[in-house]
Amino acid sequence: MMAEFRGAIEAALAGKTTRMEHKVQLGDGQERWLDNTRVPDFGEDGTVRGYFGLAIDVTARREAEEKLRESEEHFRKVFEMSPDAIYVHVDSKIVVAN
């Protein structure tokens, strides 16, 4: 993980915008997902003076994505294992059928 951070910082200092998501552990032991973006800060002469960093907590989104994956997997298993006819009807169209 530290190599990824170093690489992102080095890239930002070389003039490239970087973005990465990673998990962090807080002092109380809680784990959170962060979306980190680093944007180079260019001086008037075009050289990179440093970078601006932004970290956004995306834990709720990551958890919702995981629940959706689990739900889709469950639906897929039920759909594939059922000997009965199953279909999904959306806006007057059958979009999935078994």
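It should be emphasised that the depicted structure is a prediction, and the values quoted were computed from it without experimental measurement.

Colleague: For this particular structure, what's the right way to read the environment of glutamate 21?
Modeller: On the secondary structure map, glutamate 21 appears in strand β1 (residues 18–25). For glutamate 21, a relative accessible area of 27% corresponds to the partly exposed category. Along the chain, glutamate 21 and threonine 37 lie 16 residues apart, while their C-alpha atoms are 8.9 Å from each other. The residues touching glutamate 21, leaving out its near neighbours within four places in the chain, are Trp33, Leu34, Asp35, Val58, Arg61 and Arg62. Polar side-chain contacts of glutamate 21 include one of 2.6 Å to the side chain of arginine 62.

Colleague: What is the right way to read the side chain of aspartate 41 from this model?
Modeller: For aspartate 41, the location among the structural elements is in strand β2 (residues 31–42). Leave out the neighbours within four places in its chain, and aspartate 41 touches Thr47, Val48, Arg49, Gly50, Tyr51 and Phe52.

Colleague: Which parts of the structure should I look at to understand the pairing of strand β3 (residues 48–57)?
Modeller: Side-chain positions along a regular strand alternate between the two faces of the sheet. Of the pairings in the sheet, the one linking β2 to β3 comprises 9 bridges and is antiparallel in character. If you follow arginine 38 over to β3, its bridge partner there is glycine 53. Following β2, the chain reverses through 5 residues before pairing antiparallel with β3; glycine 46 in that reversal takes a positive phi of roughly 90°.

Colleague: What is the right way to look at the sheet that holds β3 in this model?
Modeller: Each strand in a sheet pairs with its neighbour through backbone hydrogen bonds, running either in the same direction (parallel) or in the opposite one (antiparallel). One open sheet accounts for 3 strands, arranged β1-β2-β3; its pairing is antiparallel. This sheet does not close on itself; its edge strands, each paired only once, are β1 and β3. For this sheet, the mean inter-axis angle between neighbouring strands, taken without regard to orientation, is 30°. Running at roughly 150° to β1, helix α1 (residues 2–13) makes contact with β1, β2 and β3 of the sheet. Across the sheet, helix α2 (residues 59–81) lies against β1, β2 and β3, angled at about 125° from β2, the strand it touches most.

About the criteria used
Residues numbered from 1 in each chain as written. Predicted model: local features only at pLDDT ≥ 70, side-chain atom pairs only at ≥ 80, totals over all residues. Heavy atoms only, no water. Helix = DSSP H or I, 4+ residues; strand = E, 2+ residues; numbered from the N terminus. Buried < 20%, exposed > 50% of the residue type's maximum accessible area, 1.4 Å probe, protein only. Contact = heavy atoms within 4.5 Å. Polar contact = N/O pair within 3.5 Å; in protein donor to acceptor, adjacent residues only side chain to side chain. Pairing = 2+ DSSP bridges. Axes fitted to C-alpha atoms, helices over the stretch in contact; angles between N-to-C directions.

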